[in-house]
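# Observations on the three-dimensional arrangement
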Amino acid sequence: MPASAADRGLAIRARDLRFSYRERGGHEGASFALWLPSWDVPRGASAVLHGPSGCGKSTLLNLISGALRPERGSLEVEGLDLATASEARRRAHRIRSVGIVFQDFPLVDYL
């Protein structure tokens, strides 16, 4: 059995990671597609997601948190394969391991 990303000292391991948002109405093609051929983040390291609006930064964070499931490829976070994990397991991962403040979430309504 191959060693997990966590066993290799990786916090995040992505291989051929693909996700796309479909256009409304189920039309062929995608309105946005993310493809990450290979990405490793060692445990204890910092990573910066940088790029223009619409390039996939928030989509990648949603994949890492388990809020979205990859369409193809593999994504392991601390040894958990988020591509194959159940919704309940991904939810537990978010509760235990992830903290995200969304840019479009009104934290204080009157502001």
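Residues numbered from 1 in each chain as written. Predicted model: local features only at pLDDT ≥ 70, side-chain atom pairs only at ≥ 80, totals over all residues. Heavy atoms only, no water.

What follows covers the pattern of salt bridges. The final tally for this structure, using the stated rule, is seven salt bridges. Among the salt bridges present, the one from Asp 16 reaches Arg 18, with a minimum N-O distance of 2.9 Å. For Asp 16, a relative accessible area of 23% translates into the label partly exposed. Residue classification places Arg 18 among the partly exposed residues on the basis of a relative accessible area of 27%. Residue Glu 87 pairs with Arg 91 through a salt bridge whose shortest N-O separation is 3.8 Å. In this pair, Glu 87 and Arg 91 are both assigned in helix H2 (residues 87-97), four residues apart and thus about one turn of the helix distant. Taking the relative accessible area as the measure of exposure, Glu 87 reaches 35% and is therefore partly exposed. Overlapping salt bridges bring together Glu 87, Arg 90, Arg 91 and Arg 94 as one network. (Salt bridge = Lys/Arg side-chain N within 4 Å of Asp/Glu carboxyl O. Buried < 20%, exposed > 50% of the residue type's maximum accessible area, 1.4 Å probe, protein only. Helix = DSSP H or I, 4+ residues; strand = E, 2+ residues; numbered from the N terminus.)

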